[in-house]
Amino acid sequence: AQSVTQPDIHITVSEGASLELRCNYSYGATPYLFWYVQSPGQGLQLLLKYFSGDTLVQGIKGFEAEFKRSQSSFNLRKPSVHWSDAAEYFCAVAFNTDKLIFGTGTRLQVFP
Amino acid sequence: ETGVTQSPTHLIKTRGQQVTLRCSSQSGHNTVSWYQQALGQGPQFIFQYYREEENGRGNFPPRFSGLQFPNYSSELNVNALELDDSALYLCASSLRTYNEQFFGPGTRLTVL
């Protein structure tokens, strides 16, 4: 079955430190890949997406993600985290449709 | 440009009751998808509507039903509410030919 794994449930970083959130998917073909962010009590905001082409994708708020086909991964990175980045982050995939399959999320906590 | 809106924001029901949640899609979008997000989980796909027809359904029982109207707004109806139906219900709109969904803020449903 198609699935998305976010192995880190909770990550804590200091403000200004770098960040990497992991995401792996299981499926034979390359899906469409997304990262969303959700602040408490809010809906989901799209950070970035990968459909094809350059495997390093730039998004909003200084985030980027790299697609690695050999590892079935799409990890999210940010070189310097700000306190306002504290939120829940969801990786999602879509396989030849626009119906999203989400991971269970990673909660990011930022210390000053 | 108006984003995706959902009503009501919060709702409390008792087990066995019925509930209707509403979603207005983003201007120009013709597709609406509904997701259920239980506490501490990623969103789960319920179903999608395209041009007033159901266009795919996730693993949810028939007591979850929906409608899409000519203006592309949508309703999610849940009959015979169960305690496990307590969740954040997210609506997302998109253009049928694109794989980018825009989410509303959600409706928080509590079933007592």
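Refer to the structure above for everything that follows.
Fair warning: this is a prediction, and the values are worked out from it, not measured in the lab.

Participant: What should I look at first to understand the overall build of chain A in this one?
Facilitator: A tally of helices and strands in chain A yields zero helices and twelve strands. Listed by position from the N terminus, the elements making up chain A come as β-β-β-β-β-β-β-β-β-β-β-β. Over its C-alpha atoms chain A spans a radius of gyration of 13 Å, differing by no more than 12% from the 13 Å that the globule rule assigns to 112 residues. Dimensions along the principal axes, computed over C-alpha positions, put chain A at roughly 40 × 30 × 20 Å. Burial status across chain A gives 46% buried among its 112 residues. When the accessible surface of chain A is totalled, it reaches about 5,300 Å², and 49% of it is carbon and sulfur. Positive and negative side-chain charges in chain A, numbering 9 and 9 respectively, have mean positions lying 4 Å apart.

Participant: Is there a simple way to think about the interface of chain B and chain A in this case?
Facilitator: How big an interface is tends to be reported as the loss of accessible area on association of its parts. Contacts between the two partners involve 22 residues from chain B, matched on the other side by 19 residues from chain A. Carbon and sulfur atoms make up 51% of the area that chain B and chain A hide from each other, which totals about 1,600 Å². Taken together, the links from chain B to chain A amount to one salt bridge. We note a salt bridge from Lys-49 of chain A to Glu-100 of chain B, for which the minimum N-O separation is 3.0 Å. For the pair chain B and chain A, the interface holds five residue pairs in polar contact (both at pLDDT 80 or more). Every element with two or more residues in the side of chain B that touches chain A is listed here: β4 (31-37), β5 (44-50), β6 (53-57) and β9 (87-94) of chain B. Of the residues in the side of chain B that touches chain A, the class split is eight nonpolar, twelve polar and two charged.

Participant: Sorry if this is basic, but what is going on with unusual backbone geometry here?
Facilitator: Glycine aside, a negative phi is what most residues show, and trans is what most peptide bonds show. Residue and element names in this part refer to chain B. Note that the residue after Ser-7, namely Pro-8, is joined by a cis bond; omega there is -10°. Looking at the secondary structure, you find Pro-8 in the loop between β1 (5-7) and β2 (10-13). Even without being glycine, Glu-52 reaches a positive phi, approximately 75°. Exposure remark for Glu-52: the relative accessible area of 41% places this residue in the partly exposed category. A positive phi is found at Ala-80, a non-glycine position, where the angle reads about 50°. Take Ala-80: it is sitting in the loop between β8 (74-78) and β9. With relative accessibility at 41%, the residue Ala-80 sits in the partly exposed group.

Participant: Help me understand the environment of Phe-67 of chain A in this model?
Facilitator: All names here are of chain A. Tracing the chain through its elements places Phe-67 in strand β8 (residues 64-68). On the basis of relative accessible area, Phe-67 is assigned to the buried category, the value being 3%. Sequence separation of Phe-67 and Cys-23 is 44 residues, and the distance between their C-alpha atoms is 9.8 Å. Ignoring sequence-local partners within four residues, the contact set of Phe-67 consists of Tyr-25, Thr-30, Leu-33, Tyr-50, Thr-55, Ser-73 and Phe-74.

Participant: What exactly am I supposed to notice about the packing of aromatic side chains here?
Facilitator: Ring pairs (aromatic) are described by centroid distance and by the angle formed between their planes. One pass over the structure, following the stated rule, counts 15 aromatic pairs over all chains. Here the aromatic rings of Tyr-32 of chain A and Phe-51 of chain A are separated by 4.9 Å at their centres, their planes lie at 65°, and the arrangement is edge-to-face. Linking Tyr-32 of chain A in strand β5 (residues 32-38) with Phe-51 of chain A in the loop between β6 (45-50) and β7 (56-58), this pair joins segments that are 19 residues apart in sequence. Assessed through its relative accessible area of 32%, Phe-51 of chain A is described here as partly exposed. Chaining the aromatic ring pairs together yields one cluster made of Tyr-32, Phe-34, Tyr-36, Phe-51, Phe-90 and Phe-102 of chain A together with Tyr-35, Phe-45 and Phe-103 of chain B.

Conventions used here
Residues numbered from 1 in each chain as written. Chains lettered and ligands numbered in written order. Predicted model: local features only at pLDDT ≥ 70, side-chain atom pairs only at ≥ 80, totals over all residues. Heavy atoms only, no water. Helix = DSSP H or I, 4+ residues; strand = E, 2+ residues; numbered from the N terminus. Rg over C-alpha atoms; globule rule 2.2 N^0.38 Å. Buried < 20%, exposed > 50% of the residue type's maximum accessible area, 1.4 Å probe, protein only. Areas by Shrake-Rupley, 256 points an atom, 1.4 Å probe, with all protein chains shown as cover. Lys, Arg positive; Asp, Glu negative; His and termini not counted. Charge placed at Lys NZ, Arg CZ, Asp CG, Glu CD. Contact = heavy atoms within 4.5 Å. Buried area = accessible area lost by both parts, 1.4 Å probe. Salt bridge = Lys/Arg side-chain N within 4 Å of Asp/Glu carboxyl O. Polar contact = N/O pair within 3.5 Å; in protein donor to acceptor, adjacent residues only side chain to side chain. Nonpolar A, V, L, I, M, F, W, Y, C, P; charged D, E, K, R; others polar. Phe/Tyr/Trp six-rings, centres within 6.5 Å; stacked < 30°, edge-to-face > 60°.

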